Amino acid sequence: MSTAMNFGSKSFKPRPPDKGAFPLDHFGECSAFKEQFLECLRQSGSESSACRPRAMAYLQCRMERQLMANEPLEKLGFKDLIDEKSEAKPEEL
C-alpha cells in the first residue's frame, strides 16, 4: 500500500521571478553603495523617496558588475532623476 497521500492530480509548478534571478554580491563589490543607501534610510526615518539617488547608484553598480540584468534606469522608475541630471548639465556648443 502506498503511504503517499494524493490530494489531486494538480501539482505545483514553480516559475522564475519576473525579472529573473540575479547573483548575490558575495565579494561586496557594491557594498559601499548599499551602505550609503541604508544610512540614508536611517537618517530619513525610512523615507525611501529621499534616498532614490542612492538607490539608483546602487542599481547602476550592480548592472555594471553583471550582478543583475541591464535595464534602462527609466524602466526601473528613475526617469525623473535622469531628467534632472540632464537639465542640470549645461549644453556644450
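Here the structure is a predicted model, which is why all the values come from computation and not from measurement. (Residues numbered from 1 in each chain as written. Predicted model: local features only at pLDDT ≥ 70, side-chain atom pairs only at ≥ 80, totals over all residues. Heavy atoms only, no water.)

Turning our eyes to something else, we now look at the overall build of the chain. Secondary structure assignment for the chain yields three helices and zero strands. For the chain, the N- to C-terminal ordering of α and β elements is α-α-α. Each of the 93 residues in the chain was classed as buried or not, and the buried ones make up 16%. Of the roughly 8000 Å² that the chain leaves accessible, carbon and sulfur atoms contribute 56%. (Helix = DSSP H or I, 4+ residues; strand = E, 2+ residues; numbered from the N terminus. Buried < 20%, exposed > 50% of the residue type's maximum accessible area, 1.4 Å probe, protein only. Areas by Shrake-Rupley, 256 points an atom, 1.4 Å probe, with all protein chains shown as cover.)

Core analysis: the largest hydrophobic core is formed by seven residues, namely Ala55, Met56, Met63, Met68, Leu73, Phe78 and Leu81. Elements supplying a minimum of two residues to this core: α2 (52–64) and α3 (74–88). Looking at which element gives the most residues to this core, the answer is α2, with three residues. The contact partners of Met63, leaving out residues within four places of it in the chain, are Met68, Ala69, Asn70, Glu71, Leu73 and Leu76. (Core = buried A, V, L, I, M, F, W, Y, C linked by side-chain atoms within 4.5 Å. Contact = heavy atoms within 4.5 Å.)

Unlike most non-glycine residues, Ser46 shows phi in positive territory, near 65°. Within the secondary structure layout, Ser46 lies in the loop between α1 (31–43) and α2. Of note, Gln66 is a non-glycine position whose phi angle comes to about 55°, a positive value. Within the fold, Gln66 resides in the loop between α2 and α3. Of the residues examined, Gln66 reaches a relative accessible area of 58% and is grouped as exposed.

Here the focus is the state of the cysteines. One pass over the full model with this rule turns up two disulfides. In this model Cys40 forms its disulfide with Cys51; the gap between the sulfur atoms is 2.1 Å. Handedness here is read from the sign of the S-S torsion; for Cys40 and Cys51, about -90°, the answer is left-handed. Placement of Cys40 in helix α1 and of Cys51 in the loop between α1 and α2 is noted, with a sequence separation of eleven residues between them. For the pair Cys40 and Cys51, a shared accessibility class is recorded, and that class is buried. (Disulfide = S-S within 2.5 Å.)

Before going further, it helps to examine the confidence of the model for the chain. Across the chain, the average pLDDT comes to 81, with 69% of residues at or above 70. At the level of individual helices and strands, the chain shows its lowest average pLDDT in α3, which scores 82, and its highest in α1, which scores 96. (pLDDT = per-residue confidence, 0-100.)

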